[in-house]
Amino acid sequence: MAKLRRFWGWAIASMLFRLALIYFPRNLNFGFRPEIATPVTSLRRLAEGYWLKQSSMSPYAGSMYHGSPLLLSLLGPLTAKRFEGQPSHIACSLLFVVADLVTAMLIRTTGQYLQSAYSQSLKHLNLMRHLEASAFHPAGDIAALIYLWNPLTVAACVGSSTSPIENMMVALSLYGACLGLSPLAAFGWVAATHLSLYPAILIIPVILLLGYGPDSPPRKLFLGRNFGSSGYESLPQACHFSWRPAVYFILWASIWSFFVLVLCSISLMQYGGLFEMFRRTYGFILAIEDLSPNIGVLWYFFAEVFDFFRDFFLIVFHVNIMFMILPLAMRLNHRPCFLAFVYIAISSMLKSYPSVGDSALYFALLGWFVNELADMKCSFFLLCGYVGVTLLSPVMHNLWIWRGTGNANFYYATAMAYACLQIILVVESVSAMLHHDRTMKKSISQS
Amino acid sequence: MGIIQPVMIVALVVLGCFNLCYGGEEFSEELLLRPLPDRKVLAHFHFESTTPPTKDYGHHHHLFPKAIYQLVHKFRIRELELSFTQGRWNYERWGGYDPISSSNAKPPGVELWAIFDVPLDQQSSGSIRYGALPREAVCTENLTPWLKLLPCRDKSGLASILDRPAIYRAFYHSQRLRITSNEFGSEGIEPGIDLEQTLTIVVQPDDQRTSTSYSSGKMLQPDWSISSIFGRKISGTCVLARSSSVFFELESTLVSELNKLGVDNAASDGDQVYPGVELSVAPDQVIKERKSSSVLFEFSVKKHDYKPLDIGVKWKYPIVWSCVQAPFQANRFLMGSGNERGSIAISLKATDHQRIIVGDEFRDKCEMRVVIFQVVPWYVKIYFHTVQVFLDGRLEHTPAVIEKIQVSPSEDRVSPGVMEIALRLPCSTVSAVITVNFDKGFLHIDEYPPDANQGYDIPSAVVRFPDIQASTYYLGDNSSRNSPILSKFQENNPVLSYTEVLLVPLATPDFSMPYNVITITCTLLEKLLSSPDFVQVVQQVERKITGAI
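Residues numbered from 1 in each chain as written. Chains lettered and ligands numbered in written order. Predicted model: local features only at pLDDT ≥ 70, side-chain atom pairs only at ≥ 80, totals over all residues.

Turning our eyes to something else, we now look at the nonpolar core. Residue and element names in this part refer to chain A. The biggest cluster of nonpolar side chains holds 235 residues, and the ones touching the most others in it are Ala143, Phe341, Val342 and Leu365. The element contributing the most residues to this core is helix α20 (residues 408-446), with 14 residues. Residues contacting Ala143, with those up to four places away along its chain left out, are Ile107, Arg108, Gly111, Ala364, Leu365, Gly367 and Trp368. (Core = buried A, V, L, I, M, F, W, Y, C linked by C-beta atoms within 7 Å. Buried ≥ 20, exposed ≤ 12 C-beta atoms within 10 Å, placed from the backbone. Helix = DSSP H or I, 4+ residues; strand = E, 2+ residues; numbered from the N terminus. Contact = placed C-beta atoms within 7 Å.)

Here you go:
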């Protein structure tokens, strides 16, 4: 009970912290930072799109807005509202704070469910001593608090970018999939894909989650353990794939996407319809047309690469994400939530317009596996690296853009360091997870 | 040679006869000279060729340039104006209210606009095109083709005094070409094609006298003549020209100052037209303006054919006057620092002349319409929702001031952004400032010009006062005078002024880095793909698959 009270205390404190930052003197200017507001998520661009739509032009006219038309209808009126004496976009900022809280709650509930299911399957394997040996952390609370107190999340929330909404949809999808709620999972997945395209690859972990249930030790262990004693029926759910929720998910996903597409085509009726929407949102993301700096490496790459090779490298970079999906899905199919974390981390590294909002999400998901990844290597180095990059990136940007004493390479260097850190994080966490599975296998064979 | 020469003469005579007999085409050349308050001189050349419509006259022309005729027919041009300008017209000192400043003062660089006669089924794309190249350097290579359009080139007539060094030494010079055609329209007052070529230059005459300053601190205006400005005299007309004349203009404000002088210094010499000013050649005609009492002295070059014409001015007394300005003086500047974002501000400051135009009694009630037209290149990404209007330093509610706002947002790498704002300002406004925010775009390494760190120019904004017309009406019989330049001045043209060109620096990538960036980024990705654990994952999966097979 005391733990619970402490969690809520911290959660409320984080909300208050965000509100304080929103009301902070206006020179904070988080909304202008390239690390926070990308061309796809910037609220200023959304306000421009809304203005264009209000003056009966296509919101996509003028290469300014590249987001969803539905988000425009939801957030647009809020951006146009001005309250006397309040910071601009106050209504949107409050909405983002609420979205952050909802995401944290979803992450917390999912984490708690994951943990209880995991300890259940460990009991099955008589590995409780394995659990008790290490300090047992409440993963859900930790993940939620990481999400709420991560400076990157706070910056993304206060900096008026739409990534809190995208993160909420991804969290909703994983929550629905964990609890076996196919319609909810489908809704979250469709909405997240509609907003930012990259969550489309989450369809694999979500289907695995619905089919196999939440993360468990490797399936072989159950088979080896239970084969003699109690027969096939007593195997936990994790060992056989149940098709019914997966089919339901597909069904619901098609219903939701149909629904979303109809709504989009209604809202863009006079402005070129769905084709225009796909060209301006997905096309813009895939073709990397905007070369303004962000924390990724692709903007500089495509600003420098010879025009002749542009298409080739566009294909290479996007296929890279695809290339890693299948092997990882086969190797980690017993841990769909961890797979989702790896996918999100990889896509946030290779996506065209990354922002700190993306890393905020995968850091929170990392919190779910705090027990399994306890002996992950390089974690201190990673922490220092992230802190260093977070501090250096604005400095280098300032030197290049504002002072003119540095050049583009300075900022590119921090972007590369950031990409490096993400690579190390993904590689190390995957290897730690595989190592964890191996030790479990070893301890079973010993007993 | 002995045979060719008479043949040529015969041919010329025949041609000349042809011209006179079937004279549908006309050409005229005129030059206007005007002293400016800041000791400079404005010289405005005006050449005009007209041809009757094709359906009456046919496709063949004797005077009218073939290139222009073919251009008009190929692109179905209704109106076209192309100007090459170096320097900026100083609206404050050289005036902003007369026909020359509102229709001949052009923005620096090249400006081109055209109205096409578009068939009805293609009308969706619009029939007006506008383009500007603010950085274009203007030189003799632009002047030569322009001169080639004249029937006499610069071999004789008024164009023969166009001395290149004199033109390019000038503070401001603008060569302009304007085509008006009624070939395709059904109705029209003057059918046919009208080609108007003007060259406007502002030069500082060499002051031969040591500038003696008078007790009052006033400086004597420099004496000048055509030969002292251009180094040549007008030695005859272009034989193909219907009319060929030179005008010397004294502005209304100058005339009233001169009249005051006349009262003070009653003793007047014989040859003076006005007290204090002495012309070296007696004018053939004196024309007075109806409204503002400015005076034009006309010199017909034909009458001076026997000896070179060299009009000169001598000033007897120091005199100070100022030109009539537009109701608002328009300036434009950039706000903000850094290469990420900024704002463009267009400021309108009420001039003294506003009171004269509007009148004191109407100041509180009336409203003045101002239209601002602005084209921005795509890498200056304007946020149109951030348009703000400050009247006398106070932020105004935009719908109350902005009558209409029409935008066509820029498309990345495709089209520039266009913004037209119609403001309705109370006449009592002293200053109005319009601001709009923008983000600076980042270009591909190949899209930067050779000197990337110099920055990019944003074309001038056009500030138009649609309610106020800059036109002059001359007393006397206009039809007998039949001068194209004067009839141009009498047309109703809204007062127009151009703002400064803005220089926007953009952030640049490191131009020496393409190979490094490609290799380093690819190495980074390879790091992910080749990390031992991922290799292991892939190998295991491979083994599984091969095992299954």
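This paragraph deals with the sheet that holds strand β19 (residues 402-408) of chain B. All names here are of chain B. Taken together, five strands build an open sheet; the order of strands is β19-β20-β16-β23-β24 and the sheet is antiparallel. Single-partner strands in this sheet number two, and they are β19 and β24 (494-498). Averaged over all adjacent pairs, the angle separating strand axes in this sheet is 15°, with direction ignored. Two elements, strand β16 (residues 367-376) and strand β20 (residues 417-426), share 10 bridges in a ladder whose sense is antiparallel. Within β20, the residue paired with Ile372 across the bridge is Ile421. (Pairing = 2+ DSSP bridges. Axes fitted to C-alpha atoms, helices over the stretch in contact; angles between N-to-C directions.)

Our focus in this paragraph is the interface of chain B and chain A. Contacts between chain B and chain A engage 41 residues on the former and 41 residues on the latter. Where the side of chain B that touches chain A is concerned, the elements lending two or more residues are β17 (380-391), α14 (514-529) and α15 (532-548) of chain B. With nine residues, α14(B) is the single largest residue contributor to the side of chain B that touches chain A. Partitioned by chemical class, the residues of the side of chain B that touches chain A number 20 nonpolar, 11 polar and 10 charged. (Nonpolar A, V, L, I, M, F, W, Y, C, P; charged D, E, K, R; others polar.)

If a residue is not glycine, its phi is most likely negative; likewise, a peptide bond is most likely trans. All names here are of chain A. One non-glycine residue, Ser56, lies in positive phi territory at about 50°. With respect to the helices, strands and loops of the structure, Ser56 is situated in the loop between α2 (43-54) and α3 (69-80). Here the phi dihedral of Ser63 falls at roughly 50°; this positive angle occurs in a residue that is not glycine. Within the fold, Ser63 resides in the loop between α2 and α3.

To characterise two packed helices, one gives the angle between the axes of the helices and the distance between these axes. All names here are of chain A. Taken N-terminus to C-terminus, the directions of helix α8 (residues 163-178) and helix α18 (residues 356-366) make an angle of 30°; their axes are 9 Å apart at the nearest point. As far as their axial angle goes, α18 and α8 are roughly parallel. Considering the relative orientation of α8 and α18, their crossing is right-handed. Contacts from Ser163, Pro164, Asn167 and Val170 of α8 reach α18 at Gly357, Asp358, Ala360 and Leu361. In the contact of α8 with α18, the residues fall into four nonpolar, three polar and one charged. (Parallel < 35°, antiparallel > 145°, perpendicular 65-115°, else oblique. Left-handed = near helix turned anticlockwise from the far one by under 90°.)

With that out of the way, let us pick up the confidence of the model for chain A. With 93% of its residues at a pLDDT of 70 or more, chain A shows a mean pLDDT of 87. Long-range and interchain partners of residues 227-233 of chain A, a stretch whose pLDDT sits below 50, account for zero contacts in this model, where long-range means more than four residues apart. (pLDDT = per-residue confidence, 0-100.)

A separate point is the sheet that holds strand β6 (residues 172-181) of chain B. Residues and elements named next belong to chain B. Strands sit in the order β5-β4-β3-β6-β7-β2-β1-β9-β12-β11 across an open sheet of 10 strands; the sheet is mixed. The two strands at the open ends of the sheet, each matched to only one other strand, are β5 (128-133) and β11 (285-288). Averaged over all adjacent pairs, the angle separating strand axes in this sheet is 15°, with direction ignored. Note that strand β3 (residues 77-86) and strand β4 (residues 109-116) share eight bridges and pair antiparallel. Along β4, the bridge assignment pairs Glu79 with Ile115. The sheet strands contacting helix α6 (residues 140-148) are β3, β6 and β7 (193-203), and the helix crosses β6 at an angle near 35°.

This part covers helix α12 (residues 243-267) of chain A. Residue and element names in this part refer to chain A. The end-to-end C-alpha separation of α12 is 36 Å, in line with the 36 Å expected for 25 residues at 1.5 Å each. Among the residues of α12, those classed as buried are Pro245, Phe249, Trp252, Ala253 and Cys264. At its buried positions, α12 is contacted by α3, α9 (182-196), α10 (203-212) and α13 (273-280). (Expected span 1.5 Å × (residues − 1).)

Further remarks concern the environment of Leu334(B). Residue and element names in this part refer to chain B. Within the fold, Leu334 resides in strand β14 (residues 328-335). In this structure Leu334 comes out as partly exposed when scored by C-beta crowding, with 15 C-beta atoms within 10 Å. The sequence separation of Leu334 and Pro165 amounts to 169 residues, and the corresponding C-alpha distance is 35 Å. Not counting chain neighbours up to four residues away, the residues in contact with Leu334 comprise Gly342, Ile344, Leu502 and Val504.

This brings us to the pairing of strand β9 (residues 243-250) of chain B. Residue and element names in this part refer to chain B. Where burial is concerned, most of β9 is hidden: seven out of the eight residues are buried. In terms of strand pairing, β9 meets strand β12 (residues 295-300) through six bridges, oriented antiparallel. Pairing of Phe247 across the sheet is with Glu298, part of β12.

Here we come to the environment of Val247(A). Residues and elements named next belong to chain A. Among the structural elements, Val247 can be located in helix α12. The partly exposed category is assigned to Val247, around which 14 C-beta atoms lie within 10 Å. Between the C-alpha atoms of Val247 and His194, which are 53 residues apart in sequence, the distance is 21 Å.

All names here are of chain B. Of all residues in chain B, 86% attain a pLDDT of 70 or more, and the chain-wide mean is 83. A low-confidence stretch, residues 10-22 (pLDDT under 50), is modelled with three contacts involving residues beyond four sequence positions or located in other chains. Note on the complex model: pTM 0.89, ipTM 0.89.

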